[in-house]
Amino acid sequence: MEYCSPLWAGAPASHLSRLHTVETKAFWIISISHGPQLDHCSTISSLGSIACHVHGFLMSQSVQTFEENYYRWLVWTNAPQVFIDSFEHLLNADDPVGTSICVLKNTAVLERALGDVYLLLGTECPFLLRDLLASTHLSTIFGSATMDLFRVLLGTPQGLNLRNILWHGFAAPQEIPRMYASLLLLMVASLGPSLHEFMQKMSLNSLAHRPSFVFSCLDEMHSFPSLRDDACILEHFVELSETSDFVLDSMRPYWRAALLAYEKKRFGDCVILCLPQLETGLRKVYTRVNECPERLLTAESDVLYTTFDEILAEKVNNSTNLLAEELGESMMDILLDLLTYQEGPRLRDHVSHGEVDLQKIPVEIAQHVLAVVVVLMHRFAVKTPCEKIHESLCDTITQANRYQSLFHPIGRLKRQITECTNSLDEWRSIPVPDGAPAECKIRGSEEMVQGRLNLMVLHSHEKSDVCANHGVTVGKSMAMEIPKRNEEAEREMDRLHCSHMCFSCLHLDTLRTMRSRHRSRGEMEQVTALRNIVKQCCQVSSQVLERTKRRYQQWLKKELHSRQRKTYSTMVDSLPRLHFTLKMTLCMAVAFLHSLGNSHTTRFQRNIKTLRTVLRCAENLAHHTNPEKNRWHDVRMTNSNCKWHT
């Protein structure tokens with residue numbers, strides 16, 4: 001077989017001759033193995049000598065020489081510097097984790113880049129690397145022999161499966177021969193010329209890259225004290241890793257390397273090294289508590305190996321997963337928030353699939369991961385850590401024990417309620433024109449709830465002590481009614497003393513111990529409806545704040561004509577009633593949260609029906625208060641019709 005590639009164009013003659021021989025032989029091996037079914041065993045056996053030859057050649061080059069020869073053919077990956085840095089890791093033969101960090105980073109970037117190439121011909125990129133490498137689109141662009149070689153190295157359990165073995169934490173330092181990392185570097189570079197040729201043929205000027213995933217939740221990931229402010233934890237991190245049963249003996253060099261990367265502010269490398277070992281440590285605990293030790297080191301081609309998905313699942317072979325009992329609800333919430341929930345960072349997925357810029361992983365993410373690891377190491381310490389370490393960890397462990405899920409839908413609903421409550425509290429500062437009736441002002445929250453509209457009755461069987469302490473009648477059922485304004489309703493409100501303090505208590509204290517994990521489908525349907533309702537309330541509040549501020553400024557400057565002044569007057573007059581309706585809607589959301597898990601089928605059906613009615617009301621309010629609509633008479637009508645029972 002004759003194979004020629006422009007990859008080596010411009011390289012020194014000695015490089016060209018030698019690499020042409022290596023490249024030709026490697027693809028010849030793939031070609032003779034490529035029949036109806038690829039013979040993985042014979043291909044792997046034959047590639048060993050080729051990988052060794054490639055490694056010897058690359059190790060004879062300096063970083064500068066490697067960059068000069070290959071940088072331009074790595075630009076298509078959108079992260080050429082990652083490969084240059086990986087080559088530098090490989091040059092350091094004394095680095096025990098150099099090969100691992102090289103393969104971990106390169107496979108992540110390669111997967112993302114191949115997905116971008118796939119989209120030149122396809123419409124929806126496969127999620128898994130093995131499916132991507134097996135696609136006909138990439139075979140059309142790069143050739144089937146090339147893709148088969150990548151499959152043997154990375155993308156199938158029948159091959160070397162380097163990507164999964166390392167990303168799932170099965171390979172100890174130096175277990176993966178450095179020559180395969182060198183071969184991977186060469187192969188990625190060899191794709192550059194093939195892609196260039198294809199794009200010229202298709203008259204394409206450049207390869208479009210999908211935007212990187214951005215961690216938008218950093219402001220919420222301050223659950224633990226900053227490690228930058230606690231040098232003691234970092235100082236004793238290695239000691240903890242040496243004395244903890246959470247860490248496999250053979251994997252300890254990874255933890256030392258992760259700490260070193262953190263101290264050198266290479267936060268991406270720190271996270272990349274920690275994630276596979278976090279899975280390994282959890283797998284060790286999982287197999288012990290569930291009495292399935294055979295799953296600990298399983299990474300065979302014909303057996304499903306144990307990953308985060310199985311480790312954090314509710315069931316193990318139709319039995320209860322005992323990991324939650326071992327770790328506690330708070331730690332399970334931490335792990336699920338970090339790794340699993342769709343609205344969370346889903347850190348391992350985004351990093352391992354190359355969806356984030358590995359060179360720009362923020363320090364907050366690295367700190368959060370290290371804090372979680374430190375707590376787990378301390379939890380499974382074989383011997384009691386010294387008093388100095390224990391004291392330095394006290395705050396971190398306390399925060400871990402108090403942790404509540406932030407990214408489970410219930411956690412997101414709690415946050416929505418908090419944000420909406422804060423937004424409604426801003427209504428007290430809404431300015432009104434001089435001469436407006438006093439009742440048009442949004443007074444303090446306690447005055448508003450006690451002295452204004454309607455009736456609220458909340459019942460929560462589980463939280464009766466908290467509610468009773470604040471004057472709310474408690475029973476086994478839950479009901480709420482917001483009728484039209486009348487004197488009887490106001491007298492009833494005064495009788496119940498349903499104050500802002502009560503609302504805050506219901507909102508904060510009684511939600512603190514709510515379990516989020518493993519809710520039923522019916523419960524999650526109610527949570528989804530509640531989130532939509534609160535979302536509409538937030539939109540109403542935001543629109544009102546923006547609109548009233550603008551109209552007041554126009555009123556001061558006398559820029560409103562007669563009809564606008566009349567509409568403005570109607571809006572101002574409508575605010576107290578609207579404010580109270582929104583507050584009571586949030587109270588209803590809290591009450592529904594407390595009722596989760598306590599509803600029979602009939603009650604559940606009634607709840608869903610009620611929530612749909614409330615949602616329609618909230619959507620109407622959002623529609624009418626939209627600045628483009630500005631229909632305040634309709635707002636009044638909708639407010640008057642806001643009447644529901646559960």
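These lines cover the structure that appears in this document, whether it is placed above or below. The model shown is predicted, which means the values in this text are computed figures rather than measured ones.

With respect to helix 13 (residues 252-263)
One turn of an α-helix holds 3.6 residues; hence residues three or four places apart share an orientation.
Here's step 1: Its 12 residues place the ends of helix 13 17 Å apart at the C-alpha level, agreeing with the 16 Å of an ideal helix rising 1.5 Å per residue.
Here's step 2: Looking at helix 13, one finds that the buried residues are Arg252, Tyr254, Trp255, Ala257, Ala258, Leu259, Ala261 and Tyr262.
Here's step 3: Just past helix 13, the residue lysine 265 takes up positive phi, approximately 65°.

Concerning the packing of helix 21 (residues 409-425) against helix 27 (residues 562-595)
Here's step 1: Relative orientation of the contacting elements helix 21 and helix 27 amounts to 160°, with a least axis distance of 11 Å. Between helix 21 and helix 27, the interaxial angle falls into the category roughly antiparallel. Seen from above, helix 21 lies across helix 27 with left-handed handedness. Here Ile410, Leu413, Ile417, Cys420, Thr421, Leu424 and Asp425 of helix 21 come into contact with helix 27, specifically with His579, Leu582, Lys583, Leu586, Ala589, Val590 and Leu593.
Here's step 2: A breakdown of the residues in the contact of helix 21 with helix 27 according to their chemical character gives 10 nonpolar, two polar and two charged.

Describing unusual backbone geometry
Negative phi values dominate among residues other than glycine, just as trans dominates among peptide bonds.
Here's step 1: The phi dihedral of lysine 265 is positive, around 65°, even though this residue is not glycine.
Here's step 2: Tracing the backbone shows lysine 265 in the loop between helix 13 and helix 14 (267-289).
Here's step 3: A residue is classified by how much of its surface remains accessible, and lysine 265, at 63% relative accessible area, is exposed.
Here's step 4: The phi angle at glutamate 291 is positive, at roughly 55°, despite the residue not being glycine.
Here's step 5: One can find glutamate 291 in the loop between helix 14 and helix 15 (308-311).
Here's step 6: Since its relative accessible area comes to 71%, glutamate 291 is described here as exposed.

Looking at the packing of aromatic side chains
Here's step 1: Following the criterion strictly, the structure yields eight aromatic pairs and no others.
Here's step 2: Plain terms: the ring middles of phenylalanine 246 and phenylalanine 380 are 6.1 Å apart, the flat faces sit at 20° to each other, and that makes the pair stacked. Residue phenylalanine 246 is located in the loop between helix 12 (237-243) and helix 13, and its partner phenylalanine 380 is located in the loop between helix 19 (363-379) and helix 20 (387-402); the two are separated by 134 residues in the primary sequence.
Here's step 3: Using a relative accessible area of 1% as the deciding quantity, one classes phenylalanine 246 as buried.

Examining the side chain of serine 352
Here's step 1: The residue serine 352 is located in helix 18 (residues 347-352) in this model.
Here's step 2: Its relative accessible area of 2% is what places serine 352 among the buried residues.
Here's step 3: A polar atom in the side chain of serine 352 sits 3.4 Å from the side chain of arginine 163.
Here's step 4: A distance of 2.7 Å separates a polar side-chain atom of serine 352 from the backbone oxygen of arginine 348.

Definitions and limits used
Numbering of residues starts from 1 in each chain and follows the order in which that chain's sequence is written. The model is predicted, so local features are restricted to residues of pLDDT at least 70 and side-chain atom pairs to those at 80 or more, both for listing and for counting; the totals for chains, interfaces and linings are taken over all residues. No hydrogens and no water enter the side-chain calculation; it runs on all heavy atoms of the structure. Runs of E in the DSSP output that reach at least two residues are strands. Runs of H or I that reach at least four are helices, and both are numbered from the N terminus. Helix span, as expected, comes to 1.5 Å for every residue beyond the first. Only protein chains enter the accessibility calculation, which uses a 1.4 Å probe. A residue is then buried if its area is under 20% of the maximum for its type, exposed if over 50%, and partly exposed in between. Comment: axis = line fitted to C-alpha atoms, over the contacting stretch for helices; angle = value between 0 and 180 degrees taken between N-to-C directions. Angles below 35 degrees are treated as roughly parallel, those above 145 as roughly antiparallel, those between 65 and 115 as roughly perpendicular, and all remaining angles as oblique. In this scheme the crossing of two helices becomes right-handed for a clockwise turn of the near helix relative to the far one and left-handed for an anticlockwise turn of less than a right angle. Contacts: residue pairs with any heavy atoms within 4.5 Å of one another. The nonpolar class holds Ala, Val, Leu, Ile, Met, Phe, Trp, Tyr, Cys and Pro. Asp, Glu, Lys and Arg form the charged class, and all remaining residues, Gly among them, are polar. Here a Phe, Tyr or Trp ring, Trp counted by its six-membered ring, pairs with any other such ring whose centre lies within 6.5 Å, and the pair is stacked when the planes are under 30 degrees apart, edge-to-face when over 60, and tilted otherwise. Whenever two N or O atoms come within 3.5 Å, that pair is a polar contact, provided that in protein one can donate a hydrogen and the other can accept it, and provided that, for residues adjacent in sequence, both atoms are side-chain atoms.

Shape descriptors only; they carry no functional weight alone.
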